Amino acid sequence: MIERFREWYENRHEYARSYKERTGRKVVGFFCTYSPEEIFYAFDVLPVRILGSHEVQDVTEPHLFGMFCPFCRDVLAQGLKGRYEYLDGISIGQSCLHLRQAYTSWDIHRNPGWSHYLPMPSHVQSKRAVSFLVGEYRLLIERLEELTGRRIDDDDLRRGIDIMNRVRRVMKEIYELRKDDNPPITGEEAMYMTCAQFFTDAREFLPVAEEVKRELTTRKLDRDPGKRIMLVGSENDDVEYIRMIETLGERESVGCTVVIEEHCTTTRYFWDEVELGDRDPLTAIAERYVLRTPCPSKDWPVRTRLDRILRFAKDWRADGAIVLQQKFCDPHEADIPFVRKHLQDNGIPTYFLEFDVTVPAGPFAIRTEAFLETLEAEADLF
Amino acid sequence: MAKYPTEPLKCWTKAKELRKNFYRNFDQAHEKGGIRWMGSAWALDAVTCGLGRDVYCITGEPYGASCAFNRPLSARFLTAAENYGFSRDLCSYMRNYWGSILTDEYAFGGKFPKADFAFTQHICCSHAKWYQNACELEGGVPLFAIDVGAGPYPPFAAEMYEHRVRYVAEQMLDAIDWMEEITGRKYDDELFLEGCWNDIRSTHTWAKICMLNRAVPAPLDEKSIYSLYVFGTLQKSNGEFADFYEELLEEVEDRVRRGIAAVANEQARVMTDTQPPWGFLGIYRHLETWGAVSIGSLYTFGLEGMWLYDEEEGEFLPRPMPGDKPKTREEACMMLADWHLSKPEYQHFYHPEYKTKMMDAIARHWRVDGIILHYNRGCEGLSTGIAENRLGLLERGHKVMTYEGNMGDEREFDEKAVTNRMDIFLESLGLKRPG
Ligand code: SF4
Ligand code: SF4
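Figured I'd write up the structure that's included with this text.

What counts, and at which threshold
Here the residue numbers are simple positions, counted from 1 along each chain's written sequence. For this description, chains carry letters from A and ligands carry numbers from 1, given in the order in which they are written. Local features in a predicted model are, by the rule used here, given only for residues with pLDDT of at least 70; side-chain atom pairs are given and counted only at 80 or more, and totals for whole chains, interfaces and linings are based on all residues. Computation of side-chain values covers all heavy atoms of the structure but excludes hydrogens and water. Runs of E in the DSSP output that reach at least two residues are strands. Runs of H or I that reach at least four are helices, and both are numbered from the N terminus. The criterion for a residue being near a molecule or strand is simple. One of its heavy atoms has to lie within 4 Å of it. Following the grouping adopted for this structure description, the nonpolar residues are Ala, Val, Leu, Ile, Met, Phe, Trp, Tyr, Cys and Pro, the charged ones are Asp, Glu, Lys and Arg, and the polar ones are all others, Gly among them. Relative accessibility thresholds used throughout: buried, under 20% of the residue-type maximum; exposed, over 50%; partly exposed, between the two (1.4 Å probe, protein chains only). Whether two residues are in contact is decided by their heavy atoms: any pair within 4.5 Å suffices. Here a polar contact is recorded for every N or O atom pair within 3.5 Å, except that within protein the pair must consist of a potential hydrogen donor and a potential acceptor, and residues adjacent in sequence are included only if both atoms are side-chain atoms. Note on pairing: two strands pair once DSSP finds at least 2 bridges between them. Angles shown run from 0 to 180 degrees and are taken between the N-to-C directions of axes, each axis being a line fitted to C-alpha atoms and, for helices, limited to the stretch in contact. For this count, His and the chain ends are skipped, Lys and Arg are scored as positive, and Asp and Glu as negative. Every case where a carboxyl oxygen of Asp or Glu lies within 4 Å of a side-chain nitrogen of Lys or Arg is listed as a salt bridge. Angular relationships are summarised with four words: roughly parallel below 35 degrees, roughly antiparallel beyond 145, roughly perpendicular across 65 to 115, and oblique for the angles in between. In this scheme the handedness of a crossing depends on how the near helix is turned from the far one: anticlockwise by less than a right angle means left-handed, clockwise means right-handed.

Turning our attention to unusual backbone geometry. Cis geometry marks the peptide bond from Trp300(A) to Pro301(A); its omega dihedral reads 0 degrees. Along the chain, Pro301(A) falls in the loop between α13 (281-291) and α14 (305-315). With omega at 0 degrees, the peptide bond leading from Val216(B) into Pro217(B) counts as cis. Position of Pro217(B) relative to the elements: it lies in the loop between α8 (189-211) and α9 (222-235). If you check the backbone angles, Asp44(A) has positive phi at about 60 degrees while not being a glycine. Within the secondary structure layout, Asp44(A) lies in the loop between α3 (37-42) and β2 (46-49). Not every positive phi belongs to a glycine, and Phe328(A) is a case in point at roughly 70 degrees. Among the secondary structure elements, Phe328(A) is positioned in the loop between β7 (320-326) and α15 (330-345).

Below is the structure:
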């Protein structure tokens, strides 16, 4: 069953096209995890995240000045190359400047007929953020009414919340299994899972994930897990890199398993659920997005991410953390010295890698191996 | 080959004096029992006025530009920031600023004066992070930042939704409570109302001054504008600065009446975009040798000046001041929020098309022959969408050239290559190579 995640990840466009045919539903592409998927589900619109294809591309040059991150270039290239031609709309929940440029250039040159910019607040630590966001959600709902020709009520929103909460919960349960001494799922497989969720209807993803969870309880991987590694940082769905470092042990004296990550493709995206209780569903959704683990561009005045990162590292018993950053990713660059210091002060060695999604993963794997060797040397010492 | 009479600005000495005092006041604030705060040039500085008349600030962007102007000093600051672990592609003002703290060196002499608190705003990804890190590097200074990323202003949004204005205004009210708590001072609403009005007065008057540059010959060139727009970036709510702008307005009106030019042989007019490479302002003199005057930019006009874009007319005009002064703290917060959310330089954070429209209006109404875009590696905020601006301006029939550089990191500017490029562009505008 676990293979299904990889198939969905690799065949994301085929899935979406056939989904539209099967269901007659609309599909909207979203650019950042600050889009409230619950509201899209309430309208029975399928939200799919737009990720890059990790190919060297040359179509974004006239649209994006060279100092913006390779991820946003890769995302824009997907639009300019017509890979998402089946979309009925595009939307962004305001996040970093880089990604919003991918969105706006797409809006200018490949607008599928509907687009919506959601000014998601950045001052998420302000008591004013939730009511502002509720106001913005009301505007989004008006726009979705235009797109779909239908109206929704609180029950629809509760349904949307339930759909998203259930997939979040099952992924967290699977992540719990990665705490094992020999995790039954590799980091690569986990990344396929979390990203597959971006591309599929959560209601179709859920039974597969439940089945995978059952299978994992008895699964034994015939491999030495090696060092337990945490990944922290910018957007990352570089499965090839993860595969390369997780297979180092087959070729080299030291190997590793990625046991936990803090990326917007993994835990930053799904860890927090909507706490509905008997409250107004729109407020509950807004609270979830305001209180979730923030992107560093929203993590101020207090740098709240640090404690969660450390807790993940401790709970999943990471031997070391690789701090990954997309080249030019300013929000992460402003945090990195402090993230590294916090982990190091608390006994977790770190290694820094500046990534470029469009550049081959090989050299990064070699550098990672060198880091693993230093972890091995430290272990030998004691 | 002088075509027009020219003369220096009379208020130049006063401008220099005001700026010098500003930085000195910040340095010496503690000696007088006053308070020091740091924050962005876009901070809603009027909010701090209610703490008393002895409250002085430093704003990071003009400070960063002053560092960049002194290239050896800036090199030391940038290296210190990099050695600390900050990436070289981060905002170069910010790196100069952090470097200044790390080396404990004030660009105007002596040790870097530590702030008592930080008060800033956030729309570019780096704004709040800048002071979050500065506060940490200064050993734990309290920080309050106001998120102004609440969406575009009409006509770019269908209407100015009340919840957006309220979001910004309520953060200001929270900031006031916070300031009382951390300073132990009682907040004086009268002083706040005065600061609020000064802010509106200075940002409105600056726009009126820039309007006068529609005249041919242009009474001001952009290099001089840089020395004048700076007061808006230092402290918009400063009464002396608002008064100075009113004086300056009169002087520029007089220059227009008398046909006084900034550049005596004005033959062509260009406009620019984003901050210039501060260590290389000589490129503006180079333009003048060709008879080209840079009349300004959306950046110099609209970084602090307040304007409104008229979609139907394609016009760009100073935003009229509100009819009445605010009477209460709450009213002042709502008024300031609404006023600042219309800032032209905020709009492109939501879509490059909004900026292209305003630039197109400037190019047409200020009779611009060519547009020079600085692809500024030092500022991701103002470079956001700049490549689409280029495409949009070309589509609208403008002549556009671009060059790459960095406002605050001299290692990323190739002066020779840029002036060569400018020469080719100026020639294409029909100008004759200077003999
Ligand atoms: S990697 Fe960084 S800069 Fe790029 S989209 Fe993500 S947060 Fe933005
Ligand atoms: S990158 Fe530009 S807009 Fe952002 S803080 Fe720096 S100077 Fe300001």
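Residues and elements named next belong to chain B. Taken together, Glu61, Cys91, Tyr93, Cys124, Ser126, His127, Trp130, Gln275, Cys379, Glu380, Gly381 and Met407 make up the full set of residues near ligand 2. Sorting the residues of the shell around ligand 2 by element identifies α6 (127-137) and α16 (380-383) as the ones contributing at least two each. Residue classes in the shell around ligand 2 are distributed as 6 nonpolar, 4 polar and 2 charged.

Taken together, Cys69(A), Phe71(A), Cys96(A), His98(A), Leu99(A), Ser234(A), Glu235(A), Gln326(A) and Cys329(A) form the complete shell of residues around ligand 1. Among the residues forming the shell around ligand 1, the class breakdown is 5 nonpolar, 3 polar and 1 charged.

What follows concerns the environment of Thr148(A). Residue and element names in this part refer to chain A. Among the secondary structure elements, Thr148 is positioned in helix α6 (residues 129-148). On the basis of relative accessibility, which here comes to 23%, the residue Thr148 falls in the partly exposed class. Measuring from C-alpha to C-alpha, the distance between Thr148 and Phe71 comes to 30 Å, with 77 residues separating the pair along the chain. With sequence-adjacent residues up to four places away left out, Thr148 is seen in contact with Phe43 and Val45. A polar side-chain atom of Thr148 sits 2.8 Å from the main-chain carbonyl oxygen of Leu144.

Another point: the sheet that holds strand β1 (residues 27-30) of chain A. Strands pair in a sheet through their backbones, by hydrogen bonds, and they do so in one of two ways: parallel or antiparallel. All names here are of chain A. Here we have 4 strands laid out as an open sheet, ordered β2-β1-β3-β4, and parallel in their pairing. Each of the sheet's edge strands pairs with one partner strand only, and the pair in question is β2 and β4 (115-118). Pairwise comparison of adjacent strand axes, ignoring direction, gives a mean angle of 25 degrees for this sheet. Of the pairings in the sheet, the one linking β1 to β2 comprises 4 bridges and is parallel in character. Considered in β2, the bridge of Val28 is made with Pro47. The strands that α6 touches are β1 and β4; relative to β4, the one it contacts most, it runs at about 175 degrees.

Moving on to the sheet that holds strand β2 (residues 55-59) of chain B. All names here are of chain B. Across the sheet, which stays open at both edges, the 4 strands sit in the order β2-β1-β3-β4 with parallel pairing between neighbours. Each edge of the sheet is formed by a strand with only one pairing partner; in this case those strands are β2 and β4 (143-147). Adjacent strand axes in the sheet meet at a mean angle of 25 degrees, parallel and antiparallel pairs treated alike. Bridge analysis of strand β1 (residues 35-39) against β2 gives 5 bridges, and the strand direction is parallel. Bridged to Trp37 within β2 is Cys57.

On to the side chain of Glu222(B), then. All names here are of chain B. Summarising the element assignment, Glu222 is placed in helix α9. Within the buried set, Glu222 has no salt-bridge partner at all; the shortest N-O distance to an opposite charge, 11 Å, is to Arg285. Looking at Glu222, its side chain comes within polar contact range of the side chain of Thr300, at 3.1 Å. Residues contacting Glu222, with those up to four places away along its chain left out, are Thr272, Tyr284, Ser294, Gly296, Ser297 and Thr300.

Below, the discussion takes up the packing of helix α4 (residues 70-80) of chain A against helix α5 (residues 97-109) of chain A. Residue and element names in this part refer to chain A. It is at 8 Å that the axes of α4 and α5 come closest, and there the two elements cross at 15 degrees. Here α4 is positioned roughly parallel relative to α5, judged by the angle of their axes. For the pair α4 and α5, the sense of crossing is right-handed. Between α4 and α5, the contacting residues are Phe71, Cys72, Val75, Leu76, Gln78, Gly79 and Leu80 on the first element and His98, Leu99, Ala102, Ser105, Trp106 and His109 on the second. For the contact of α4 with α5, the class distribution of residues is 8 nonpolar, 5 polar and no charged.

The quantities given are spatial measurements derived from coordinates; they are silent on function.
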